[in-house]
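Architecture at a glance
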Amino acid sequence: MATHRKPKLAVWKFASCDGCQLTLLDCEDELLAVAGAIDIANFPEASRAVVKGPYDVSLVEGSITTAHDAERIHQIRRDSKILVTIGACATAGGIQALRNFTDVKSYIPVVYAKPDYIETLNKSTPIADHVAVDFELRGCPISKKQLIEAIIALLAGRKPRLPNYSVCMECKRRDTTCLAVAEGLPCMGPVTQAGCGAICPSYHRGCFGCFGPKESSNAESLSHWWKSHGMESREIVRWFRSFNAYADAFRKESEAHE
Amino acid sequence: MNDTKTANSKDKIIRVDYLARVEGEGSLYVKVKGGKVKDVEFKIFEPPRFFEAFLRGRLYKEAPDITARICGICPIAYQMSSSQAMENALGVKVSPGIRNLRRLIYCGEWIESHVLHVYMLHAPDFLGYESAIHMAKDHGELVQKALRMKKLGNEIMEVVGGRAVHPINVGVGGFYRAPSKKELQALVDELKWCREAAMDTVRLVAGFNFPEFDMDYEYVALSHPSEYAITEGRLISNRGLNIDVSEYEQCFEESHEIHSHALHSAIKGRGAYFVGPLARFNLNFDQLHDEEKKLAEEVTCTPPVNNPFKGIIIRSLETLYAVNESLRLIESYEPPEPSMMAITPKASRGCGCTEAPRGICWHRYTLDDKGIIQDAKIVPPTSQNQKQIEKDLYAYVSQYMHLPKDQLTWQCEQAVRNYDPCISCATHFLKLEIDRED
């Protein structure tokens, strides 16, 4: 029987918190099995060994915020058969995309004494704004289950099976009482893509949109509902402007209330 | 991505362009000329994300969720320090039940982060492997055990916080929902297993070979009258510092160096200092449980420990502490009622400081009368250790210049990893280069 070469997996980081790639190390029950089935060719957070490309699958964490990174992502794309973006930074620009709504030059002196030392772009942008992306995993952070499903599917040559419905569906499935209906609490569940397992409502907290807008979400309707329950415009802006602030549907909705 | 150039034996450049097994992006550069270390730069090139800027205009309640995103490895540290700062500003004192639950979730983060560092990031250096995954080929059972321990840390965070990375149940004033007794009891059997595993870990790592390297450090940590400080206390040092956390800025300063996106912290008038497990252990040893103290004596690792490479033993002892503390907290647990204190916003200013796995994480916020953040200041542990890391490298290369270049480069990387630097935190930020030339 012919021996097959193990597929090569690489993990790359741009502007981010490391939480999404940590999720790979958090797959405690699956990590050694994954490491047995694939060749982890580049994963600096876990290993000093580096194997040269090309790579079968690249997982990309983080957003593009520097001119150097805007160049670097093109080389990674050229070296990767399949490129998967992981997490809200890579798929939507992340929390650091809050700069996109203002002038980043006003930010630098708030943090750094010598602004001249700092090189940064005006906008924090998702990877897909720079190169073609084959697949995206949403979330801030991503879900462990979805990550394993994506790795298995991509190595098997099929499309990962991931939901594109809203968090509300997950809430109903786990039999959590609707916080918006029963208690009038603000909840982004109706407009947010499923994937987390509807954790927040099960802890008596409204969803705050970690997985970003679901396909054809009606954010305007949700704002209207909130407004009719007394929420002020600036509060609506804050709700839509967090980890997925620069995702189209959330960005448009927050801008409508500015 | 390491490269050590040698012009002759007395001159060298050690360069590691992308330091591995640290959280975030950093590099190391050491220049040796005529047998003397001329320059050391521990660079953090993680791109800046400007948290302190975009926190302005956000509601006080949002700070724990937003600042958690500074670091995916120690989100609890940010959630706890920001919550405490807001409560300090708004005059809220949480109930003992909430306080205990906070300590429990923090123990979960210590277990997860310490085990990750001890086994996945640091032990491969001592055992000569590129990574824990390479190590698993020869030490499969050991790596399995490590993963099981780490998983328990994550499970504590999941039960109390909703999920392991960026927990959702922590808020200013307490928790959105207190877990039931039954939910916490379900962790007990695994904690008991982990207690044995943590003791084995201490004995294992204490047997590693440590380079002779003792430094004269100023250690800074929180200290609390009745417990090994994690969630609150006064800031103390082995050189007489003893201040309220609100006095931090009067005693410490930050500077901005051209080679780093992380600000360098220093004690005013004295310079570099050391935060993290070694500092806590040397300052607060007496407050560990008897079991950790006895074990420390058994492996002859009692204060003062001034060899930073032995940080791996201290992290293992602190893991055991966190496991025992979790068992104690679960044993006496009653769900706090209410789970979150009522809060009324007012114009105010407040500070908070807690012990992240890698050292103190300090926050200050100014709020307006509606609770909107006007100003924010966050000092993560790695930016505080950055200056000391450079001093360690300077001393280490001076002492071990005779070593073969590959070995010296690897050991310099290891010297940086002693600090478990979290670069994502510090950039708010690392790169290695050793330069020997004429």
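1. Thoughts on the packing of helix H10 (residues 277-284) of chain B against helix H12 (residues 311-331) of chain B
Each pair of packed helices can be summarised by the angle the axes make with each other and by the distance between the axes. Residues and elements named next belong to chain B. In contact at an axis separation of 9 Å, H10 and H12 are set at 70° when each is read in the N-to-C sense. The angle between H10 and H12 places the two elements in the roughly perpendicular class. Here H10 and H12 pass one another in a crossing that is left-handed. Between H10 and H12, the residues in contact are Pro277, Leu278, Arg280 and Phe281 and Gly311, Ile314, Arg315, Leu317 and Glu318, respectively. Among the residues making up the contact of H10 with H12, the classes are represented as five nonpolar, one polar and three charged.

2. Some points on unusual backbone geometry
The peptide bond linking glycine 53 of chain A to proline 54 of chain A adopts the cis configuration, its omega dihedral lying at 5°. Structurally, the position occupied by proline 54 of chain A is in the loop between strand E2 (39-42) and strand E3 (55-61). Note the cis peptide between proline 303 of chain B and proline 304 of chain B, where omega equals 0°. Along the chain, proline 304 of chain B falls in the loop between helix H11 (290-298) and H12.

3. Here's the deal with the sheet that holds strand E12 (residues 348-356) of chain B
All names here are of chain B. Taken together, three strands build an open sheet; the order of strands is E12-E13-E14 and the sheet is antiparallel. If you trace the sheet from one side to the other, it starts and ends with E12 and strand E14 (373-379), each paired once. Looking at each pair of strands side by side, their axes are set apart by 15° on average, direction ignored.

4. Looking at the interface of chain A and chain B
One frequently used descriptor of interface size is the decrease in accessible area upon assembly of the parts. In this complex, chain A contributes 59 residues to the contact, which on the side of chain B involves 69 residues. Of the roughly 5700 Å² buried at the junction of chain A and chain B (both faces included), carbon and sulfur atoms supply 63%. When residues of chain A are sorted by the area they lose upon contact with chain B, Arg48, Tyr203 and Arg238 of chain A head the list and together hold 16% of the total. Counting across the interface, chain A meets chain B through five salt bridges. Linking arginine 205 of chain A and aspartate 65 of chain B is a salt bridge whose minimum nitrogen-to-oxygen distance equals 2.4 Å. On the surface where chain A and chain B come into contact, there are 20 residue pairs in polar contact (both at pLDDT 80 or more). Every element with two or more residues in the side of chain A that touches chain B is listed here: helix H1 (19-25), helix H2 (31-37), helix H3 (67-79), helix H5 (108-111), helix H9 (199-202) and helix H11 (233-240) of chain A.

5. Here we look at the domain arrangement of chain A
Residues and elements named next belong to chain A. Once the domains are mapped, chain A shows domain 1 (8-156) and domain 2 (167-255). Its C-alpha centre places domain 1 at a distance of 25 Å from the equivalent point of domain 2. At the interface, 17 residues of domain 1 touch 17 residues of domain 2. Counting each side, the surface lost to burial between domain 1 and domain 2 is near 1300 Å², with a carbon and sulfur contribution of 62%. Sorting the residues of domain 1 by area buried against domain 2 places Phe101, Arg138 and Cys140 first, and these three jointly supply 44% of that buried surface. Along the contact surface separating domain 1 from domain 2 lie zero salt bridges. On inspection of domain 1 and its partner domain 2, the count reaches three residue pairs in polar contact (both at pLDDT 80 or more).

6. Some remarks on the environment of threonine 65 of chain A
Note on placement: threonine 65 of chain A falls in the loop between E3 and H3. Since its relative accessible area comes to 0%, threonine 65 of chain A is described here as buried. In the structure, threonine 65 of chain A is positioned 115 residues away from alanine 180 of chain A in sequence and 36 Å away in space, judged by C-alpha atoms. Excluding its chain neighbours within four sequence positions, the residues that come into contact with threonine 65 of chain A are Ala15, Gln96, Arg99, Thr120, Leu121, Lys123 and Ser124 of chain A together with Pro47 of chain B.

7. Here's the deal with the pattern of salt bridges
Applying the stated criterion across every chain yields a total of 43 salt bridges over all chains. Across the pair arginine 72 of chain A and aspartate 69 of chain A runs a salt bridge, and its minimum N-O distance is 3.2 Å. Highlighted residues: arginine 72 of chain A and aspartate 69 of chain A, both in helix H3, separated by three residues, approximately one helical turn. On the accessibility criterion, arginine 72 of chain A (19% relative accessible area) is buried. Of the charged contacts, one joins arginine 234 of chain A and glutamate 232 of chain A as a salt bridge, the two residues approaching to 3.2 Å between their closest N and O atoms. Given a relative accessible area of 45%, arginine 234 of chain A falls into the partly exposed group. What makes glutamate 232 of chain A partly exposed here is its relative accessible area of 44%. Salt bridges linked by common partners bring Arg99, Arg103, Glu227, Glu232, Glu325 and Arg328 of chain B together as one network.

Cut-off values and rules
- Residues numbered from 1 in each chain as written.
- Chains lettered and ligands numbered in written order.
- Predicted model: local features only at pLDDT ≥ 70, side-chain atom pairs only at ≥ 80, totals over all residues.
- Heavy atoms only, no water.
- Axes fitted to C-alpha atoms, helices over the stretch in contact; angles between N-to-C directions.
- Helix = DSSP H or I, 4+ residues; strand = E, 2+ residues; numbered from the N terminus.
- Parallel < 35°, antiparallel > 145°, perpendicular 65-115°, else oblique.
- Left-handed = near helix turned anticlockwise from the far one by under 90°.
- Contact = heavy atoms within 4.5 Å.
- Nonpolar A, V, L, I, M, F, W, Y, C, P; charged D, E, K, R; others polar.
- Pairing = 2+ DSSP bridges.
- Buried area = accessible area lost by both parts, 1.4 Å probe.
- Salt bridge = Lys/Arg side-chain N within 4 Å of Asp/Glu carboxyl O.
- Polar contact = N/O pair within 3.5 Å; in protein donor to acceptor, adjacent residues only side chain to side chain.
- Domains from an automatic or database assignment.
- Buried < 20%, exposed > 50% of the residue type's maximum accessible area, 1.4 Å probe, protein only.

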